[in-house]
Amino acid sequence: MNRRDRVFKLIVEHFIKTAQPVGSKTLIDEYGLNCSSATIRAEMNALETDGLLEKTHTSSGRVPSSRGYRYYIENLRERSVDEEFKYQMQAILDQKVQSVNDVIKESCEILAQMTSLASIVLGPNVTEEKLVSVQMIPLSNNSATCVFVTDQGYVENKTFVLNGNSSLTDVQKCINLLNERLKGTAISELLMKMQLIKPILTDYVVDHEVIYRSIMETFIKFTKSRLETYGREELFEQPEFRNDAQKIKSVLDLFDTPEKIREVVDDINEDENTISVHIGGEDENDEDVSIITAKVHMPNDQNGNIAVIGPKRMDYDKVVSTLEYLVEQLNEYFNKDKRKDDSEGGRKEE
């Protein structure tokens, strides 16, 4: 590593650790660089000219630019993974009986804890899903839960409490109609088709409005991007957000609008085999937010995304390396049976 890269690497890592602009005196005092302040300042000026560093308005020190962070990620990070994280991930994957959702949830909780940032699971794109079935489970004489299932394994429940004008038999008639008319329908088309079915419901149920409205509410949930967030509290302990109400509001708005995150993820996650990085400041609307994301290949050919959201000044070395390891382990865990089946199929053909 040449001197300029070493100076730049130290500036990035010191700023990540302290959130304070870095000057030449800090580099000499903290890291014992064997050169003069004038030499370090010259290197810092060159790095600023190259667009890798920028000055702040409150100090004579420098901070990494968005371009600088990307250079650091691509050329200077150590690519090591914390052994404690490896141990905790292995403990999750060694559990004998657990659902896909439980594995993802526990993994992302650990990811948030280890990075001190928010982790997000974004489910499959609804445009790729279809409704498979609707089932009714009676709870009492005047209540039932309806279960809606897609071909991507997503399940939504809706509980009905009926008044005196309707019965569970009426609900079952409606469910039968939905299965007859909507099975195999793309999720994106459910609302439109449900509106077309509404006049038919009047022939089945006298007081159909409650049932119709409840089903529509469920389908509206279906059409929204599914998102689970872990570690919000960790994220808001970061200096950038701790005392800035406007920045906190911006991040909360992002969490509450899965479609926005979906747009960012779809834009940056072009290569499904690698980690994708969106650095704050590369777009004018998200100066202080960076998003690191990767695809996870789950059973039944489902694809989801796991992302880490944090300030522009995040520990990219730790976050990228940790997410790479997590996704590698999950993909191996979820697809080991598929590889086994493919291998056995190949032997049979021989």
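Note that the structure is a prediction, hence the values are computed from the model and not measured. (Residues numbered from 1 in each chain as written. Predicted model: local features only at pLDDT ≥ 70, side-chain atom pairs only at ≥ 80, totals over all residues. Heavy atoms only, no water.)

From N to C terminus, the protein chain includes 14 helices and 10 strands. Across the 350 residues of the protein chain, 47% fall into the buried class. For the protein chain, the exposed area adds up to about 18300 Å²; of that, 45% sits on carbon and sulfur atoms. (Helix = DSSP H or I, 4+ residues; strand = E, 2+ residues; numbered from the N terminus. Buried < 20%, exposed > 50% of the residue type's maximum accessible area, 1.4 Å probe, protein only. Areas by Shrake-Rupley, 256 points an atom, 1.4 Å probe, with all protein chains shown as cover.)

Positive phi values are uncommon outside glycine, yet alanine 19 reaches one of about 60°. Relative to the helices and strands, alanine 19 resides in the loop between helix H1 (3-18) and helix H2 (24-31). Overall, the relative accessible area of 21% leaves alanine 19 in the partly exposed class.

Next up on the list: the side chain of threonine 145. Tracing the chain through its elements places threonine 145 in strand S5 (residues 143-150). Of the residues examined, threonine 145 reaches a relative accessible area of 12% and is grouped as buried. One polar contact links threonine 145 to threonine 159, side chain to side chain, over a distance of 3.1 Å. Dropping the residues within four chain positions of it, threonine 145 is found in contact with Gln135, Met136, Ile137, Leu139, Asn157, Lys158 and Thr159. (Polar contact = N/O pair within 3.5 Å; in protein donor to acceptor, adjacent residues only side chain to side chain. Contact = heavy atoms within 4.5 Å.)

What follows covers the pairing of strand S9 (residues 289-298). Counting buried positions over the 10 residues of S9 gives nine, a clear majority of the element. Relative to S9, strand S8 (residues 276-278) is paired through three bridges, and the arrangement is antiparallel. When the bridges of S9 are listed, histidine 278 appears paired with isoleucine 291. (Pairing = 2+ DSSP bridges.)

Right, let's get into the sheet that holds strand S6 (residues 155-161). Taken in spatial order, the three strands of this open sheet run S4-S5-S6, and their pairing is antiparallel. The open sheet has two edge strands with one neighbour each: strand S4 (131-140) and S6. For this sheet the average axis-to-axis angle between neighbouring strands, irrespective of direction, equals 20°. Of the pairings in the sheet, the one linking S4 to S5 comprises eight bridges and is antiparallel in character. (Axes fitted to C-alpha atoms, helices over the stretch in contact; angles between N-to-C directions.)

Attention now moves to the nonpolar core. The biggest cluster of nonpolar side chains holds 71 residues, and the ones touching the most others in it are Leu27, Ile104, Phe255, Ile261, Ile292, Ile306 and Leu330. In terms of residues, this core owes the most to one element, helix H14 (residues 316-349), which gives 10 residues. Membership of the second largest hydrophobic core comes to 25 residues, among which are Phe160, Leu178, Leu201 and Ile215. (Core = buried A, V, L, I, M, F, W, Y, C linked by side-chain atoms within 4.5 Å.)

Relative to the helices and strands, isoleucine 187 resides in the loop between helix H7 (168-182) and helix H8 (190-204). Assessed through its relative accessible area of 0%, isoleucine 187 is described here as buried.

Axes are the key here: two packed helices are described by the angle between their axes and the distance separating the axes. In contact at an axis separation of 11 Å, H1 and H2 are set at 90° when each is read in the N-to-C sense. With respect to each other, H1 and H2 are oriented roughly perpendicular. Here Arg6, Val7, Leu10, Ile11, His14 and Lys17 of H1 come into contact with H2, specifically with Thr26, Leu27, Glu30 and Tyr31. Per-class residue counts for the contact of H1 with H2 are five nonpolar, two polar and three charged. (Parallel < 35°, antiparallel > 145°, perpendicular 65-115°, else oblique. Nonpolar A, V, L, I, M, F, W, Y, C, P; charged D, E, K, R; others polar.)

Time to look at the environment of lysine 130. Mapped onto the elements, lysine 130 comes out in the loop between strand S3 (118-122) and S4. Between the C-alpha atoms of lysine 130 and threonine 185, which are 55 residues apart in sequence, the distance is 5.3 Å. Not counting the four nearest positions on each side in its chain, lysine 130 is found in contact with Val149, Thr150, Asp151, Gly184, Thr185, Ala186 and Ile187.

The geometry of an aromatic ring pair is captured by two quantities: the separation of the ring centres and the angle between the planes. Tallying each qualifying case throughout the model produces five aromatic pairs. Centroid distance phenylalanine 8 to tyrosine 71: 6.0 Å. Interplanar angle 65°. Geometry classified as edge-to-face. Here tyrosine 71 lies in helix H4 (residues 66-75) and phenylalanine 8 lies in helix H1, a separation of 63 residues in the sequence. A relative accessible area of 0% places phenylalanine 8 in the buried class. Residue classification places tyrosine 71 among the partly exposed positions, given a relative accessible area of 26%. Taken together, a centroid distance of 6.5 Å and an interplanar angle of 90° make the contact between phenylalanine 236 and phenylalanine 241 edge-to-face. Across this residue pair, the class does not change: phenylalanine 236 and phenylalanine 241 are buried. (Phe/Tyr/Trp six-rings, centres within 6.5 Å; stacked < 30°, edge-to-face > 60°.)

Two elements in contact, H1 and helix H3 (residues 37-49), have axes separated by 10 Å at closest approach and are oriented at 80°. As judged from the angle between their axes, H1 and H3 are roughly perpendicular. Between H1 and H3, the contacting residues are Arg3, Arg4, Val7, Phe8 and Ile11 on the first element and Thr39, Ile40, Glu43, Met44, Ala46 and Leu47 on the second.

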